[in-house]
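The residues making up each chain are set out below.
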Amino acid sequence: MKNFKKVLAVLVALALMVGVFAACSKNDDSGDKNETKLKVGFIYLHDENSTYDRNFMDAAKAACEKLGVEYLEKTPIPETSACKEAADDLVDRGCTLIFADSFGHEDFIAQAAEEYPKVEFCHATGTTAHTRKLANFHNAFASIYEGRYLAGIAAGMKLNEMIEAGKFTAEEAKIGYVGAFTYAEVISGYTSFFLGARSVCPTATMEVQFTGSWYDEALEKEAAMTLISRGCKLISQHADSMGAPTACEDAGIPNVSYNGSTISACPNTFIVSSRINWQPYFEYIINCVKDGKAIDTDWTGNLSNESVVLTDVNTKVAAAGTVEAIEATKAKLEAGTLHVFDTSTFTVGGKTLTSYMADVDTDAKYEPDTEAISDGYFHESEYRSAPYFDLRIDGITTLNEKF
């Protein structure tokens, strides 16, 4: 009996040891998987001092930490062969999903996609993924023109407030806009902003000053100062530094910024900012790779999935009722009862457009190839994610077109 008990005790001990070993093996296997799980690489044009790149950086960190994946960053990476070299290094370091954030990175990212067919490459603001037809190369953007339209409403209401206060006449309600380049992305942005402003301040006009750079604080500040000297009563921008907001704060001119709030540096002039929230896209592509699902070749975020967002309105500077007006218009945009580029709200050369062939399938000659107007509005970012609205509408004057 004693021997039986001893044998039984030994068997129980062995069983416990096996159980512990099995449990440890399971955890170790899980740990091994964690070690070899998805690693994501990010390529940024500038560093965190650029509002544009910082917006991507914050979203990447939030998405990767939420989903528990490792990520590596490359910054600053110019729009040259340095981008391909950065992609090569990220692949060598084990990244199987790589994202680049600037228009000029596209050709280099496509080269990398051809060279590394087992790695997924995603790119923001690009135009050619849907025509290159590489299974592992993808473009993404968002309907930021809707966010800019909403920000424009805040601008228009501020103009109205200043007109009512007797600071200038309705005919003097001129907006200044600092733009980087004469690309469709910038044109679409400043036009949607202007249309939002004019929807509440119908006498508004706009002047645009281009800088020829996505990020040049001195040039952007100079451009804003030029616009202010020309009688612009409010300034907005599609450029990436604090140049224009700082110029506005110094001059006491209301400002609508881009890619994030500038209220801490410009508390007396900042009204609101629109931006693309990239976190939903980053979570989407990470989960696609994790689950072995295909990533959309051309992905467009919108207001409904919170890829297009506005900062909190600075009620110290904004006109009364701004928050309510934005929310009411946002609901219409989401419901599809309002379209930003409704052709009844603007003219080109004095005429209302019923047809326009846009350059959607980009080629070397940038030839128009797609009818973009139907049902009474221009269908922006529906036939590809990156903007292709490049019309010069009446009411907007560009001061320099050399970029």
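Up top is the structure these notes are about.
Let me sum up the structure you'll find in this document. What you see is a predicted model; the values in this text were computed from it and never measured. (Residues numbered from 1 in each chain as written. Predicted model: local features only at pLDDT ≥ 70, side-chain atom pairs only at ≥ 80, totals over all residues. Heavy atoms only, no water.)

### With respect to helix H8 (residues 217-229)
Over its 13 residues, H8 extends 18 Å from the first C-alpha to the last, a length consistent with the 18 Å expected when each residue adds 1.5 Å. Residues of H8 that are buried include every one of Glu 220, Ala 223, Ala 224, Leu 227 and Ile 228, and no others. Taken around the axis of H8, the buried residues stretch over an arc of 135 degrees, which confines them to a single face. Among the exposed residues of H8, those pointing more than 90 degrees away from its buried face are Ala 218 and Ser 229. Just downstream of H8, Gly 231 is the residue with a positive phi angle, here 95 degrees. (Helix = DSSP H or I, 4+ residues; strand = E, 2+ residues; numbered from the N terminus. Expected span 1.5 Å × (residues − 1). Buried < 20%, exposed > 50% of the residue type's maximum accessible area, 1.4 Å probe, protein only. Arc of directions from axis to C-beta.)

### What to know about empty space enclosed by the protein
Enumeration over the complete set of coordinates arrives at three cavities of 30 Å³ or more. Roughly 70 Å³ of internal volume is contained in the largest cavity. Along its surface, the largest cavity is lined by Leu 45, Tyr 52, Asp 101, Ser 102, Phe 103, Thr 125, Glu 185, Trp 214, His 238 and Asp 240. Partitioned by chemical class, the residues of the lining of the largest cavity number four nonpolar, three polar and three charged. There is about 60 Å³ of room inside the second largest cavity. Forming the boundary of the second largest cavity are Tyr 52, Asn 55, Phe 56, Thr 125, Phe 141, Glu 185, Tyr 258, Asn 259, Ile 276 and Trp 278. (1 Å grid on protein atoms, 1.4 Å probe; cavity = no way out; pocket = protein on both sides within 12 Å on 5 of 7 lines; lining within 4 Å. Points joined across faces, edges and corners; volume = space filled by probe spheres on them. Nonpolar A, V, L, I, M, F, W, Y, C, P; charged D, E, K, R; others polar.)

### Some words on unusual backbone geometry
The linkage connecting Thr 75 with the following residue, Pro 76, adopts the cis geometry, with an omega of -15 degrees. Looking at the element boundaries, Pro 76 is found in the loop between strand S2 (70-74) and helix H3 (81-92). Within the chain, Thr 125 stands out as a residue other than glycine whose phi angle is a positive 75 degrees. Relative to the helices and strands, Thr 125 resides in the loop between strand S4 (120-124) and helix H5 (129-132). Residue classification places Thr 125 among the buried positions, given a relative accessible area of 4%.

### Things to note about the sheet that holds strand S10 (residues 270-276)
Across the sheet, which stays open at both edges, the seven strands sit in the order S12-S10-S9-S8-S6-S7-S17 with mixed pairing between neighbours. This sheet does not close on itself; its edge strands, each paired only once, are strand S12 (308-310) and strand S17 (396-398). Shown here is a sheet whose adjacent strand axes are inclined to one another by a mean of 20 degrees, direction ignored. (Pairing = 2+ DSSP bridges. Axes fitted to C-alpha atoms, helices over the stretch in contact; angles between N-to-C directions.)

### Looking at the environment of Gly 292
Residue position: Gly 292 is located in the loop between helix H10 (279-291) and strand S11 (298-301). Each C-alpha atom, one on Gly 292 and one on Pro 254, is 48 Å from the other, the two residues being 38 residues apart in sequence.

### With respect to the state of the cysteines
Inspection of every chain in the model, using the stated rule, returns zero disulfides. Cys 95 takes part in no disulfide bond, and the closest cysteine sulfur, belonging to Cys 64, lies 9.7 Å away. Under the relative-accessibility criterion, Cys 95 is labelled buried at 1%. Here Cys 288 stays unpaired: no disulfide links it, and the sulfur of Cys 122, its closest cysteine neighbor, is 8.6 Å away. (Disulfide = S-S within 2.5 Å.)

### What about the environment of Thr 329?
By the secondary structure assignment, Thr 329 is in helix H11 (residues 322-335). When neighbours within four sequence positions are excluded, Thr 329 is seen to be in contact with Tyr 149, Leu 150, Ile 153 and Leu 338. (Contact = heavy atoms within 4.5 Å.)

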